[in-house]
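Coordinates in review
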Amino acid sequence: MKQTVLVTGGAGYIGSHVVRQLGEAGYDIVIYDNCSTGVPASILYGDLVVGDLADQDRLYKLFSRHKFSAVLHFAASLIAPESVENPLDYYANNTRNTLNLLRCCDVFNVEQLVFSSTAAVYGEPGEKPVTEQTPTLPINPYGRSKLMSEWLIQDHARASKLRYVILRYFNVAGADPGRRIGQMTAATHLVRAACDAALGRKPEIKIFGTDFATSDGTGIRDYIHVEDLASAHLGALQYLEGNNQSQTLNCGYGKGYSVRQVIDLVQQVSGVKFKVLEAPRRPGDPACVTACADRIREVLDWQPQYDDLETIIRTALFWEIRRDLQGAKHPLVDTIATRLKQAAAERKLARMPQASATSTQYRQPKSA
Ligand SMILES: NC(=O)c1ccc[n+]([C@@H]2O[C@H](COP(=O)([O-])OP(=O)(O)OC[C@H]3O[C@@H](n4cnc5c(N)ncnc54)[C@H](O)[C@@H]3O)[C@@H](O)[C@H]2O)c1
Ligand SMILES: O=c1ccn([C@@H]2O[C@H](COP(=O)(O)OP(=O)(O)O[C@H]3O[C@H](CO)[C@H](O)[C@H](O)[C@H]3O)[C@@H](O)[C@H]2O)c(=O)[nH]1
């Protein structure tokens, strides 16, 4: 029987990629989103209900209309420096609204929850990759608001039949390799900011902090492709459907790249030497955050397909170019698009001997 799942924040960047994979896997999907940063055009499957998680009455009505087998909870505010400026908004949208959602799960007997948490719960863990056992010491209100949400979920699960998978994402980037969806709205993330600079949408990129205690002085992060992150959600859902116990899992590849390395690679892949400025650190930015991601592979049998920074950057750039071609077009877009197409064709050629050997091997006529 088809299961109906609720996806909060499904019109957003990550949620929309998960919705697409859920739709392809045959789930019935209801998306609840206030479209503050998400856009309806990014929803390729399911029904969108436009509403706010703060509206408890609306949520009750939604839960009473559907029999949800599970909830995937993405809706949140997520810009760490902004959370330093407006902490109360972050606690309201992230922590209080998670409580609203849990109340509905409780009243309507929803027993499976997949929650979007973040590496920001670890704060400033130093150079070592962090495991799920690393102490959680968030250094900004965003991280604290998410950690408090984790506690709400864990405490409620102890007192009820709720089972959960909390996924702590590291830095998410890239776009649907099929180029249907990607980051739709303005975003401050590094890969996006570098793509914007390559496409000439911004005159330059700023490196926030060059005096961190890292190899080149700039911040180090573990970048995960949004498509792999989405498949981890399907794995988490299937894991819960298999009646397994609750888990908290890191979602990253276990590889660290500095801001300079990311910018250099965006310049290399795009062929555009955009301007790079050095600027002071942003408030609340840790020096280095990378994941030990052994447990998620083991527990969910998760097998990432896009574990490569160049692939992340290429899919992000392809998506941004596609967005540009639909709207106002910058002259550089054509140059970069041609360059990316050439690179893709060269890679295809390089792979050809192996590909044709494999196809001869496997495509034997059935009647033979
Ligand atoms: N992007 C990252 O690098 C990253 C890293 C770690 C964790 N996360 C987490 O992943 C989740 C999704 O992030 P994203 O990058 O897709 O962001 P996003 O802003 O694209 O998506 C968030 C979605 O939630 C919706 N939303 C926000 N507040 C809402 C409310 N009160 N009621 C209803 N809908 C609401 C927005 O309209 C949007 O569609 C968040 O919980 C975030 O904390 C993201
Ligand atoms: O224009 C920019 C943008 C970013 N950076 C730097 O690039 C690194 C990554 O910054 P992002 O803004 O891309 O991402 P954050 O690490 O700040 O945070 C992201 O990943 C976290 C998990 O690690 C959280 O989950 C959070 O929601 C999500 O925005 C940081 O050192 C930042 O200072 C720049 O130098 N210039």
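See above for the structure.
As a convention, each chain's residues are numbered from 1 in the sequence order in which they are written. The order in which chains are written sets their letters, starting at A; the order in which ligands are written sets their numbers, starting at 1. Local features in this predicted model are restricted to residues of pLDDT 70 or higher, and side-chain atom pairs are both shown and tallied only at a pLDDT of 80 or more, whereas totals for entire chains, interfaces and linings draw on every residue.

1. Here we look at the overall build of the chain
Quick reminder of the rule: The numbering of helices and of strands both runs from the N terminus, where a helix is a DSSP run of H or I of at least 4 residues and a strand a run of E of at least 2. By definition, residue pairs are in contact when their C-beta atoms, positioned from the backbone, come within 7 Å.
Broken down by element type, the chain carries 11 helices and 14 strands. Taken along its principal axes, the extent of the C-alpha atoms in the chain is 70 × 55 × 40 Å. Across the chain, every contact between residues at least 6 apart in sequence was considered, and the portion connecting residues at least 24 apart equals 79%.

2. Concerning unusual backbone geometry
Not every positive phi belongs to a glycine, and Asn109 is a case in point at roughly 55°. Tracing the backbone through its elements, the reader meets Asn109 in the loop between α4 (87-107) and β5 (112-118). At Arg179, a residue that is not glycine, the phi angle is positive and equals roughly 60°. Positionally, Arg179 belongs in the loop between β7 (171-173) and α6 (190-198).

3. Notes on the site of ligand 2
Where we set the bar: As a rule, any residue with its backbone-derived C-beta atom within 6 Å of a molecule or strand is reported as near that molecule or strand. By the convention adopted, Pro, Cys, Tyr, Trp, Phe, Met, Ile, Leu, Val and Ala count as nonpolar, Lys, Arg, Asp and Glu as charged, and the other residues, Gly among them, as polar.
By nearness alone, 23 residues border ligand 2, and Thr118, Ala119, Ala193, Phe208 and Gly219 come closest of all. Residue assignment for the shell around ligand 2 shows that the elements contributing at least two residues are α6 and β8 (204-208). Among the elements that line the shell around ligand 2, the one with the most residues is β8, at four residues. For the shell around ligand 2, a count of residues per class yields 13 nonpolar, six polar and four charged.

4. Things to note about the site of ligand 1
Around ligand 1, a shell composed of 28 residues is seen, among which Gly9, Gly12, Gly38, Ala75 and Ala76 lie nearest. The set of elements that each furnish at least two residues to the shell around ligand 1 consists of α1 (13-24), α4, β5 and β7.

5. Regarding the packing of α6 against helix α8 (residues 259-270)
Put simply, the rule is: To get an axis, a line is fitted to the C-alpha atoms, and for a helix only the part in contact is used. The angle between two axes follows their N-to-C directions and goes from 0 to 180 degrees. Orientation labels follow simple angle bins: below 35 degrees gives roughly parallel, above 145 gives roughly antiparallel, 65 to 115 gives roughly perpendicular, and whatever is left gives oblique. Each crossing gets its handedness from the near helix: less than a right angle anticlockwise from the far helix is left-handed, clockwise is right-handed.
Running from N to C, α6 and α8 cross one another at 40°; their axes reach a closest spacing of 10 Å. Classified by the angle between their axes, α6 and α8 sit oblique to one another. At the point where α6 passes α8, the crossing takes the right-handed sense. Contact residues: Leu190, Val191, Ala194, Cys195 and Ala198 in α6; Val259, Val262, Ile263, Val266 and Ser270 in α8. Tallied by class, residues from the contact of α6 with α8 come to nine nonpolar, one polar and no charged.

6. Things to note about the environment of Tyr91
Keep this limit in mind: Buried residues are those with 20 or more other C-beta atoms within 10 Å of their own C-beta, exposed residues have 12 or fewer, and partly exposed residues lie in between; C-beta atoms are placed from the backbone.
Following the sequence through the fold, Tyr91 ends up in helix α4. For Tyr91, a count of 19 C-beta atoms within 10 Å puts it in the partly exposed group. Linking Tyr91 and Tyr142, residues 51 residues apart in sequence, is a C-alpha distance of 7.8 Å. Once you skip the residues sitting within four places of it in the chain, Tyr91 turns out to touch Arg96, Pro141 and Ser145.

7. Observations regarding the environment of Val259
With respect to the helices and strands, Val259 occurs in helix α8. On a C-alpha basis, the gap between Val259 and Glu132 in space is 25 Å, while along the polypeptide they are 127 residues apart.

8. Quick word on α4
What counts, and what does not: One fewer than the residue count of a helix, multiplied by 1.5 Å, yields its expected span. One fitted axis covers the seven residues ending at a residue, a second covers the seven starting there, and the bend at that residue is the angle between these axes.
In a regular helix each residue adds 1.5 Å, so 21 residues correspond to 30 Å; α4 covers 29 Å between its end C-alpha atoms and thus fits that length. Helix geometry: α4 is bent most strongly at Asn97, by close to 25°. Taken together, the buried positions of α4 are Tyr90, Asn93, Asn94, Thr95, Asn97, Thr98, Leu101, Leu102, Cys104 and Cys105. On its buried face, α4 sits against β1 (4-8), α2 (56-65), β4 (70-73), α3 (80-85), β5 and α5 (141-158). The positive-phi residue at the C-terminal boundary of α4 is Asn109, with phi of around 55°.

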